[in-house]
Amino acid sequence: MENQEKKVMLSGIKPSGDLTLGSYLGAIKNWGARSEEFDCYYFMADMHAITVRHDPAALRRRTLEQLAQYIACGLDPEKNTLFVQSHVHQHAELAWVLNCYAMFGELSRMTQFKDKSAKNAENINGGLFTYPCLMAADILLYQPDVVPVGEDQKQHVELTRNIVQRFNGIYGDVFKMPEPYVAKVGARIMNLVDPKSKMSKSDDTNTGRVLLMDDPAVIMKQFKRAITDSDTERCVRYDPEEKPGVANLMQIYAATTGKSFDEIEKEFDGQGYGKFKPAVGEAVVEMLRPIQEEARRIMADKAYLEGVYRAGAEKAEYIANKTLRKVYKKVGFLPR
Ligand code: AQP
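Bear in mind the structure is a predicted one, so any value in this text is a computation, not a measurement.

With that out of the way, let us pick up the site of the ligand. As a matter of local geometry, the ligand sits amid 22 residues, with Ser16, Lys116, Ser200, Lys201 and Ser202 nearest to it. At 2.8 Å, a side-chain N or O of Lys14 approaches an oxygen atom of the ligand. Take Gln153: an N or O atom from its side chain is 2.9 Å from an oxygen atom of the ligand. For the ligand, the protein covers 96% of the area, taking 640 Å² as the surface of the free molecule. Elements that contribute at least two residues to the shell around the ligand include exactly strand E1 (7-13), helix H2 (21-31) and helix H6 (111-119). Ranked by residues supplied to the shell around the ligand, first place goes to H2 with three residues. Looking at the shell around the ligand residue by residue, the class counts come to six nonpolar, ten polar and six charged.

Here it is in structure tokens:
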């Protein structure tokens, strides 16, 4: 009863690599503590992870690890619905219908399609092109009010909104119009040695990335190596255009400590980068320490994790099925 009055929120991450500090600060951290206000659905987007060539065993391992890490980051399975995307077959089914309501032109303009097809020129498959329809299905099945996303994912919610407008325009009020929610701090965490590129899970060069489960010594090393800038000023000042490396470190420090950019500038006034970089590293180490311990503890209990994802799929499926039945009826599929 209580859940019916709450607004719905939904998000997911694809297990295409180990979770990074970017996944945490840009996504998971903002999901936590919303369950009082929202009925929350969070999933491991394993179906999205096969649009590029991948290792099946690694995908299986990461899907389970990601679930353990979601829980360790504070997503209580008693208060949030946590599930594996491929366990809820309605995602694939609705995606097919939505494919028929997304235009070739709009799919061609998706930044992720352009980036990933440039990187995988030998494997520009249909899934890589139509994944935004699967993403629209992921969202619309649960009729969410809010979809928390990183800055780079806003385009997907925009496309979903176009599909809703088109579909509802033909069939009436079937889907609720979803709103993207982008947190102000941590919305786009950049690579530490290439601050013009996003810190990505699937970047296998492993330079400039911090993983959620990295050892403290590795994290410190990554921060000490972080690119700052080559100007002579050498001061900690928030200027994303002129000093993207410093701005990125300030974003990370702000998201980690809750301090404002003004406070950070004052804290490191006159100290140069020698003090600033390890301070950011230490703050990240301390933030991640309890999460890492908890994730290791949970990961050791496979039976518990299985229980969580089974219960999550059951609950998700119930809601997803309601939407799919409505859609099938609207488009004229004969009921079985
Ligand atoms: N570096 C980041 N900064 C802020 N937010 C981020 N997100 C991912 N990386 C950062 C946010 O995490 C959510 C899930 O994203 P995803 O894993 O499904 O897709 P992605 O954005 O394509 O992530 P990656 O790490 O770049 O994966 P690969 O390398 O496989 O493409 C989203 O809300 C995203 O914004």
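On we go from here.
As a further point, take the packing of aromatic side chains. In total, this model carries 16 aromatic pairs according to the counting rule given. Taken together, a centroid distance of 5.5 Å and an interplanar angle of 25 degrees make the contact between Phe43 and Phe83 stacked. Taken as a pair, Phe43 in strand E2 (residues 38-44) and Phe83 in strand E3 (residues 80-84) lie far apart in primary sequence, 40 residues in all. The same class applies to Phe43 as to Phe83, namely buried. An aromatic cluster is built from Tyr41, Phe43, Phe83 and Tyr142, whose rings are joined through pairwise contacts.

Along the chain, the position of Thr256 falls in helix H10 (residues 244-257). The exposure class of Thr256 is buried, given its relative accessible area of 17%. A polar contact of 2.5 Å, which involves the side chain of Thr256, links it to the backbone oxygen of Ile252. Contact partners of Thr256, with chain neighbours within four places excluded, come to Leu25, Ala283, Val284 and Met287.

Reading the values: the criteria
- Residues numbered from 1 in each chain as written.
- Predicted model: local features only at pLDDT ≥ 70, side-chain atom pairs only at ≥ 80, totals over all residues.
- Heavy atoms only, no water.
- Near = heavy atom within 4 Å.
- Polar contact = N/O pair within 3.5 Å; in protein donor to acceptor, adjacent residues only side chain to side chain.
- Areas by Shrake-Rupley, 256 points an atom, 1.4 Å probe, with all protein chains shown as cover.
- Helix = DSSP H or I, 4+ residues; strand = E, 2+ residues; numbered from the N terminus.
- Nonpolar A, V, L, I, M, F, W, Y, C, P; charged D, E, K, R; others polar.
- Phe/Tyr/Trp six-rings, centres within 6.5 Å; stacked < 30°, edge-to-face > 60°.
- Buried < 20%, exposed > 50% of the residue type's maximum accessible area, 1.4 Å probe, protein only.
- Contact = heavy atoms within 4.5 Å.

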